[in-house]
There are 2 protein chains.
Amino acid sequence: MRFSTSSGALALGALLLAGPALAQDSPAAHTVTSPGDIHTVTFTLRDGAPFYRVDRLGAPLILDSRLGLVLKDGPSMDADFTVADSSTRSFDETWTTVWGESDSIRNNYNELRVQLRSDTQPPRTLDIVFRAFDDGVGLRYEVPEQEGLGAFEIMDELTEFAMTGDHMAWWIGAYQDNRYEYLTNHTPVSEFETAITPLTMETDDGVAIAIHEAALLNYSSMTLRSTGNATLEADLIPWSDGVRVKTAAPMVTPWRTIQASDGPGGLIESDLVLNLNEPNKIEDTSWIEPGKYVGIWWEMHLGTSSWSIGETHGATTENTKRYIDFAAEHGFSGVLVEGWNKGWEQGWVGTGDHFSFTDPYPDFDLEYLAKYAVEKGTRLIGHHETGGGIENYERQMADAYALYNDLGVRAVKTGYVAFGPNLQRTGADGQKHGEWHHGQWMVEHYQRSVEEAAKHQVMVNIHEPIKDTGIRRTWPNLMTREGARGQEYNAWNEEGSNPPDHTVIVPFTRMLGGPFDYTPGIVELLLPARPNNRIQATLARELAHYVTIYSPLQMAADLPENYEAHPEPFAFIKAVPADWAETRVLHAEIGDYLTMVRKDRDSEDWYLGSTTDEHGRLLKAPLAFLTPGVTYTAQIYRDSADADWESNPYGFIVEEKTVTSADVLDLRLAPGGGQAIRFTPAE
Amino acid sequence: MRFSTSSGALALGALLLAGPALAQDSPAAHTVTSPGDIHTVTFTLRDGAPFYRVDRLGAPLILDSRLGLVLKDGPSMDADFTVADSSTRSFDETWTTVWGESDSIRNNYNELRVQLRSDTQPPRTLDIVFRAFDDGVGLRYEVPEQEGLGAFEIMDELTEFAMTGDHMAWWIGAYQDNRYEYLTNHTPVSEFETAITPLTMETDDGVAIAIHEAALLNYSSMTLRSTGNATLEADLIPWSDGVRVKTAAPMVTPWRTIQASDGPGGLIESDLVLNLNEPNKIEDTSWIEPGKYVGIWWEMHLGTSSWSIGETHGATTENTKRYIDFAAEHGFSGVLVEGWNKGWEQGWVGTGDHFSFTDPYPDFDLEYLAKYAVEKGTRLIGHHETGGGIENYERQMADAYALYNDLGVRAVKTGYVAFGPNLQRTGADGQKHGEWHHGQWMVEHYQRSVEEAAKHQVMVNIHEPIKDTGIRRTWPNLMTREGARGQEYNAWNEEGSNPPDHTVIVPFTRMLGGPFDYTPGIVELLLPARPNNRIQATLARELAHYVTIYSPLQMAADLPENYEAHPEPFAFIKAVPADWAETRVLHAEIGDYLTMVRKDRDSEDWYLGSTTDEHGRLLKAPLAFLTPGVTYTAQIYRDSADADWESNPYGFIVEEKTVTSADVLDLRLAPGGGQAIRFTPAE
């Protein structure tokens, strides 16, 4: 489109001037194009400094952008280069997921590897690798073993993303106290200073773009700094001493990822981040099982019970038995219990050095309950709130996971509640140093935790985590994580609850990384225990979240008594799977509305979830995803005509229709509403 | 979505304040809600002045907006009213089209009629009627027979459309010389002074809105004036004496229409404008046949032949025979011949009083050619260029249509090339008065022409027309019209050709009224006869226009020799129908891209057309529209990987695939490109 009142001819002329330079224009250009001719990466050296650009379908997506690493000691890897060699290769395989949004994923790219050598003293050797996919581009640095370079420190990574205009961005600022748990802002790129990734943008021309990273291992996490002129610069979270990355050759950086799609739905459907991770390293995955869980959790957020031992203690043997009985009766595979272990009574937010991860409180009979749960056909889900006491946790981690394994506990929820940069690390000087959740020290801690848990056959659900960069492909026991404002904010009056648009933004931003333990499914929306607070949703919307917000460990977050009082919506929550064979996006407008459909991995059932912001919607959903020729019963959980998150959140209708793949359903969503549908072959 | 960096809670608070007032709030409110509870119209009197508002799914779509008619003489109909009576009724029928985008259309609304009576002297009686559909709202004034009101003149219509914000609009200014033939501007509503309708807007919240009118008869056409504060006011094109409408009681005004959809594709799928027209008045419709035509036309635009008699005259007997033979060989039902009649030699643009519509030039044997065409299985299409000489045309119209009927000519293309306001009308004073194309005088002329043509069983294709307001439902011999920048601009260097986004804007704006005789299908894109000009399209895009730009008389606009030189694209042009059983929109971003599918009315074939602006695209098309269980052969006409409207417009590939309704096709569109597909059941 043209965004002006000027004549089309003039506007078009300007676009032509900005058109893609042909590779031949520059003698030093090396290019690679994606298998379907969608994206082309062009690498060039300018006076010895490395640059890349990305074109999409014949027009620029990323303009010429700087590359390079600045080292603390000796020559940097950002200039004085010549191309020693370059090579391309093609790759095409379809791999099978252990669990996830789809059962198999095609990984198809063309790769360009440019080997650079500097004329510095000592000379530096650096490979830059580009993978061109039809859904985007990945690039990373590889520092080979070389003379004069053992351990080294990176002071800056110069990677730029020069956007073609001041695109509208959906962003959360980096370097904030409260980890990633903020509402998302929506402004042009020029109006923020820093942003966490995934950073999602939309151009005036209808292209959705997300910048993120894949396989964040042994490195600091990347944030983006806006230069004000539509260029984004990598800004790595530093250690407390200002160094960005402490590493040694040979090493590889995480992949920097650029995903692009005509319309934002394609970003959700893209598997690029997973494809840029290494294949599964866990041989026996039989113990890794997605599932749904309930737990002793929401009652603490409502303030009716406490984590710490005392009169209102939630994690008592008796209360836990009640949850186990409820889970067993209704088919939940897990029962989370928070506040079961010693240490809470000494405080916890950012002060977690005193927690024990093996000693239960005296009123919580861990062994008995773990066994009782297994006998009833469910399992306890463990809980390790570190309170930011990383070194304390590292000391106990192996024993704690081993204990769970012994007890038949297959999953643990970990927590890192502390404000940044305030995670206490003991330095070589013996002093404590405050680190960020998202710097290299913590990246490595989170990874150690996952790998240690895998040794003990324990699945992990991380709260206050490092962002998701697709490591679940390599370590499929890394199930899910928080890393965004979850349901719990809706119970905290002082923080303000999540507005209706929150869950039609997060799937296009935070969730491009991976699953989100949002903990949906509150059916007692008005929170009698919190009279000044409420869920800003209709009942049907809370159900739709089970489809639009994926988590392989998916919570039914409300209290057992509330589900018993609302059997109709609870029927959907009991039915909906946490593991899918296929996922498609039907309607997608960031911050406005989202409709997704997913096929159950274990049956022929399909599920649809549709949610909107504070505006009602009428969306037409063609049922093309259903198997042609099969008649389905659609169990529809929808807003009533007079439903409204504010004035009538319980306006809710359950009905059945008979449908086929040739039908088009009208989805009428109330303000702050949604719709959930289960499609079952009728026979 | 929220469009700010402020906290969600604050932004939400502001929205709540703007929430819909409940009908009960005002004792004088009368309301009606659409059958699916999507749109609610609320009528109120404020100090005797009529107002309406429209809510969509619980939120305002149109804020309280003024209604009323200002009369020249005596009391106006804009104030001093009380509600004498009000009533509602429901209507639901499915009607069959004679031809069009679909074979049957559901017309389902709830109606509110408010009868107003003023305490003026004499008292005025006015009905205001609202129809609430799920895809929008129509409203009109009905002036009943009443004491003290015979013939009367309307000086102003006060209808307002108070938008809820300064929405981005796609607009063309009213009161311009060159009728509707301009490129479309894209700015907030506040940045234009006047705009023609359909006026299409998009809110920040993802809602697409179009304001237009239906059944424009015996009235002046409505344009919209922007007040600068997001309110649009009806601005009727005046007669040369300043009066807007000359009428008499009883009378009804055209319907003012407001269409709304979550996303712009729904505007294209809406049948609201047709539903607000009266049913078909032509009993025997056997002679009304959609079809495709070639013609002696493009060669004049290329400058290689002339309309006027002389050495390069196009409309010679010999040349016409050549076109007839070509049409017969390739199955076209019509052959348009322009420049066949006497008068062109005296000039024509705005000076058309000398045209004869019955006397052919001596080198054009009308009778012989008409008969020759019928013998070969095709028909001549007549041509009446009035050059703005309306009274001259009115004098000859009946004879001219009768002549065509005698000769077996079933269709005529009429033309009104003149600049506004310069159509010469002889007043009661015997003087000439310059009128607009779009004022009441011409509205009535165009209608007389259509009705007169119907008497003689002649179909009409109007160029330089009044805008389309759906009268084709009532008079289905009104086939198609221009009323926008057509293909011809691409041959006129001095005017500038149509940029690639033009045909991904027009379907969302001008074409919400109805069919557009764009005259697609130029395959010799580089116009050797016009070295400074070209078509800004790839070959595949020109084919896709046959699906995205509907006309029941659809031209294959290029020269016979050019089609013979390009048999592959020509195969699609020969196959594609001009009459459809069903139409759906798959991808829709105004000014960016559009994918539509349509089912042939006479076979089981489906056709897909997808076009983009100057940006390449990768769009995923689920083939849900195909009949489940049937295997189809997809004949795909697509851009090659290196195609580009500018650097490689002929980059074109034809290929076949076997597909079913369960498949999802990747549509890769080049910059300025497109894709056309024919799906045929394979057996």
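Residues numbered from 1 in each chain as written. Chains lettered and ligands numbered in written order. Predicted model: local features only at pLDDT ≥ 70, side-chain atom pairs only at ≥ 80, totals over all residues. Heavy atoms only, no water.

### Some thoughts on the overall build of chain A
Line of reasoning, step 1. Within chain A, the secondary structure is distributed over 11 helices and 38 strands.
Line of reasoning, step 2. In terms of overall dimensions, chain A is globule-like: its C-alpha atoms have a radius of gyration of 25 Å, near the 26 Å expected for 683 residues.
Line of reasoning, step 3. A burial count over chain A gives 65% of its 683 residues as buried.
Line of reasoning, step 4. Counting only contacts in chain A whose residues sit at least 6 apart along the sequence, the fraction spanning at least 24 positions is 70%.
Line of reasoning, step 5. Summed over its atoms, the accessible surface of chain A is roughly 22,300 Å², and 47% of this surface lies on carbon and sulfur atoms. (Helix = DSSP H or I, 4+ residues; strand = E, 2+ residues; numbered from the N terminus. Rg over C-alpha atoms; globule rule 2.2 N^0.38 Å. Buried < 20%, exposed > 50% of the residue type's maximum accessible area, 1.4 Å probe, protein only. Contact = heavy atoms within 4.5 Å. Areas by Shrake-Rupley, 256 points an atom, 1.4 Å probe, with all protein chains shown as cover.)

### Focus: the sheet that holds strand 11 (residues 160–163) of chain A
All names here are of chain A.
Line of reasoning, step 1. As summarised here, the arrangement of the 8 strands in space is 1-2-3-4-11-18-17-14, forming an open sheet in which the pairing is antiparallel. Among the strands making up the open sheet, the edge pair consists of strand 1 (30–33) and strand 14 (194–195).
Line of reasoning, step 2. Of the strand pairs in this sheet, strand 17 (residues 222–226) and strand 18 (residues 231–236) are connected by 5 bridges, and their pairing is antiparallel. Looking across to strand 18, one finds that Arg225 is bridged to Glu233. (Pairing = 2+ DSSP bridges.)

### Focus on the interface of chain A and chain B
Line of reasoning, step 1. Listed per partner, the contact involves 64 residues of chain A and 64 residues of chain B.
Line of reasoning, step 2. Carbon and sulfur atoms make up 56% of the surface buried where chain A meets chain B, a total of about 4,700 Å² over both sides.
Line of reasoning, step 3. Applying the counting criterion to the chain A and chain B interface returns 2 salt bridges.
Line of reasoning, step 4. Summed over the shared surface of chain A and chain B, the number is 16 residue pairs in polar contact (both at pLDDT 80 or more).
Line of reasoning, step 5. Sorting the residues of the side of chain A that touches chain B by element identifies helix 1 (8–17), strand 12 (168–171), strand 13 (185–188), strand 31 (580–589), strand 34 (617–622) and strand 37 (664–669) of chain A as the ones contributing at least two each.
Line of reasoning, step 6. For the side of chain A that touches chain B, the element with the highest residue contribution is strand 34 of chain A, accounting for 5 residues. (Buried area = accessible area lost by both parts, 1.4 Å probe. Salt bridge = Lys/Arg side-chain N within 4 Å of Asp/Glu carboxyl O. Polar contact = N/O pair within 3.5 Å; in protein donor to acceptor, adjacent residues only side chain to side chain.)

### Remarks on the confidence of the model for chain A
Reading predicted coordinates in detail is not appropriate for stretches of low pLDDT.
All names here are of chain A.
Line of reasoning, step 1. Across chain A, the average pLDDT comes to 94, with 95% of residues at or above 70.
Line of reasoning, step 2. In the predicted structure, residues 1–27 sits below a pLDDT of 50 and forms 49 contacts with residues beyond four places in sequence or in another chain.
Line of reasoning, step 3. Here the predicted complex carries an ipTM of 0.86, next to a pTM of 0.91. (pLDDT = per-residue confidence, 0-100.)

### Concerning the relation of the copies chain A and chain B
Line of reasoning, step 1. Overlaying chain A on chain B yields an RMSD of 0.0 Å, the required transformation being a rotation through 180 degrees with an accompanying axial translation of 0.1 Å. In short, the pair behaves as if placed about a two-fold rotation axis.
Line of reasoning, step 2. Both copies contact each other with a shared surface, as 100% of the interface residues of chain A are interface residues in chain B too. (Least-squares fit on C-alpha atoms with pLDDT ≥ 70 in both.)

### Brief notes about the packing of aromatic side chains
Remark: the centre distance and the inter-plane angle together describe each pair of aromatic rings, the angle taken between the planes.
Residues and elements named next belong to chain A.
Line of reasoning, step 1. Summed over all chains, the structure comprises 64 aromatic pairs over all chains.
Line of reasoning, step 2. Consider the rings of Tyr416 and Tyr446, whose centres lie 4.8 Å apart with planes at 70 degrees: the pair is edge-to-face. Taken together, the positions of Tyr416 in the loop between strand 25 (411–415) and strand 26 (423–426) and Tyr446 in helix 8 (residues 440–455) put the pair 30 residues apart, joining distant regions of the chain. Of the two residues examined, Tyr416 and Tyr446, each falls in the buried class. (Phe/Tyr/Trp six-rings, centres within 6.5 Å; stacked < 30°, edge-to-face > 60°.)

### Quick look at helix 7 (residues 390–407) of chain B
Residue and element names in this part refer to chain B.
Line of reasoning, step 1. Along its 18 residues, helix 7 runs 24 Å from first to last C-alpha, staying within 8% of the 26 Å computed at 1.5 Å per residue.
Line of reasoning, step 2. For helix 7, the principal kink sits at Gln396 and spans about 50 degrees.
Line of reasoning, step 3. Within the sequence span of helix 7, burial applies to Ile390, Glu391, Asn392, Tyr393, Gln396, Met397, Ala400, Tyr401, Tyr404 and Leu407.
Line of reasoning, step 4. Check the buried side of helix 7 and you find it contacts helix 6 (366–375), strand 24 (379–385), strand 25 (411–415), strand 26 (423–426), strand 27 (432–435) and helix 8 (440–455).
Line of reasoning, step 5. With its phi angle positive at about 80 degrees, Gly408 sits one or two positions after the end of helix 7. (Expected span 1.5 Å × (residues − 1). Bend = angle between axes of the 7 residues up to and from the residue.)

### Structural notes on empty space enclosed by the protein
Line of reasoning, step 1. Taken as a whole, this structure holds 10 cavities of 30 Å³ or more when the rule is applied.
Line of reasoning, step 2. Lining the largest cavity are 22 residues, and of these Ile172(A), Ile196(A), Pro198(A), Gly483(A) and Arg510(A) lie nearest its centre.
Line of reasoning, step 3. Of the residues belonging to the lining of the largest cavity, the class tally is 11 nonpolar, 6 polar and 5 charged.
Line of reasoning, step 4. Counted as a void, the second largest cavity has a volume near 160 Å³.
Line of reasoning, step 5. In this structure, the second largest cavity is lined by 17 residues; those nearest its centre are Ile172(B), Ile196(B), Pro198(B), Thr509(B) and Arg510(B). (1 Å grid on protein atoms, 1.4 Å probe; cavity = no way out; pocket = protein on both sides within 12 Å on 5 of 7 lines; lining within 4 Å. Points joined across faces, edges and corners; volume = space filled by probe spheres on them. Nonpolar A, V, L, I, M, F, W, Y, C, P; charged D, E, K, R; others polar.)

### A word on the sheet that holds strand 32 (residues 593–600) of chain A
All names here are of chain A.
Line of reasoning, step 1. Across the sheet, which stays open at both edges, the 6 strands sit in the order 31-32-33-38-35-36 with antiparallel pairing between neighbours. Only two strands of the sheet have a single partner each, and these edge strands are strand 31 and strand 36 (652–659). Mean inter-strand twist for the sheet, computed between neighbouring axes without regard to direction, equals 15 degrees.
Line of reasoning, step 2. Across 8 bridges, the pairing between strand 31 and strand 32 is antiparallel. Across the sheet, the residue bridging to Ala588 is Leu594, located in strand 32.
Line of reasoning, step 3. Its contacts with the sheet put helix 9 (residues 539–548) on strand 31, strand 32, strand 33 (606–612), strand 35 (632–639), strand 36 and strand 38 (674–681), and the angle it makes with strand 33 is roughly 120 degrees.
Line of reasoning, step 4. Along the sheet face, helix 11 (residues 567–575) touches strand 33, strand 35, strand 36 and strand 38 and points at about 60 degrees away from the line of strand 38. (Axes fitted to C-alpha atoms, helices over the stretch in contact; angles between N-to-C directions.)

### Topic: the pattern of salt bridges
Line of reasoning, step 1. Within the structure shown, the criterion is met by 76 salt bridges over all chains.
Line of reasoning, step 2. A salt bridge links Glu111(B) to Arg89(B); the nearest nitrogen and oxygen atoms lie 3.1 Å apart. Taken as a pair, Glu111(B) in strand 7 (residues 104–118) and Arg89(B) in strand 6 (residues 81–96) lie far apart in primary sequence, 22 residues in all.
Line of reasoning, step 3. We classify Glu111(B) as buried; its relative accessible area is 5%.
Line of reasoning, step 4. According to the relative accessible area criterion, Arg89(B) is partly exposed, its value standing at 37%.
Line of reasoning, step 5. In this structure, Asp468(B) and Arg481(B) form a salt bridge, with 3.4 Å as the shortest nitrogen-oxygen distance. Placement of the pair is Asp468(B) in the loop between strand 28 (459–462) and strand 29 (478–481) and Arg481(B) in strand 29, with a sequence separation of 13 residues. For the residue pair Asp468(B) and Arg481(B), the accessibility class agrees, reading buried in each case.
Line of reasoning, step 6. Counted as one network, the salt bridges with shared partners bring together Arg56(A), Asp262(A), Asp592(B), Asp613(B) and Arg617(B).

### Observations regarding the packing of helix 9 (residues 539–548) of chain B against helix 11 (residues 567–575) of chain B
Residues and elements named next belong to chain B.
Line of reasoning, step 1. The geometry of helix 9 relative to helix 11 is characterised by a closest axis approach of 10 Å and an angle of 5 degrees between their N-to-C directions. Considering their axes alone, helix 9 and helix 11 lie roughly parallel with respect to each other. The segment helix 9 lies against helix 11, with Leu539, Leu543, Tyr546 and Val547 engaging Pro569, Phe572 and Ile573.
Line of reasoning, step 2. When grouped by side-chain class, the residues that make up the contact of helix 9 with helix 11 number 7 nonpolar, no polar and no charged. (Parallel < 35°, antiparallel > 145°, perpendicular 65-115°, else oblique.)

### Re the pairing of strand 3 (residues 49–56) of chain B
All names here are of chain B.
Line of reasoning, step 1. Among the 8 residues in strand 3, 8 count as buried, and that is most of the element.
Line of reasoning, step 2. Covered by surrounding structure in strand 3 are Ala49, Phe51, Arg53 and Asp55 together with Pro50, Tyr52, Val54 and Arg56, the residues of both alternating faces.
Line of reasoning, step 3. Pairing analysis gives 8 bridges linking strand 2 (residues 39–46) to strand 3, with the strands arranged antiparallel. In the strand pairing of strand 3, Arg46 is matched with Ala49.
Line of reasoning, step 4. Adjacent in sequence and paired antiparallel, strand 2 and strand 3 are bridged by 2 residues, among which Asp47 carries a positive phi angle near 50 degrees.
Line of reasoning, step 5. Summarising the sheet, strand 3 and strand 4 (residues 59–66) pair through 5 bridges and their orientation is antiparallel. Bridged to Arg56 within strand 4 is Ala59.
Line of reasoning, step 6. As consecutive antiparallel partners, strand 3 and strand 4 are separated by 2 residues, and within that stretch Leu57 has a phi angle of approximately 50 degrees, a positive value.

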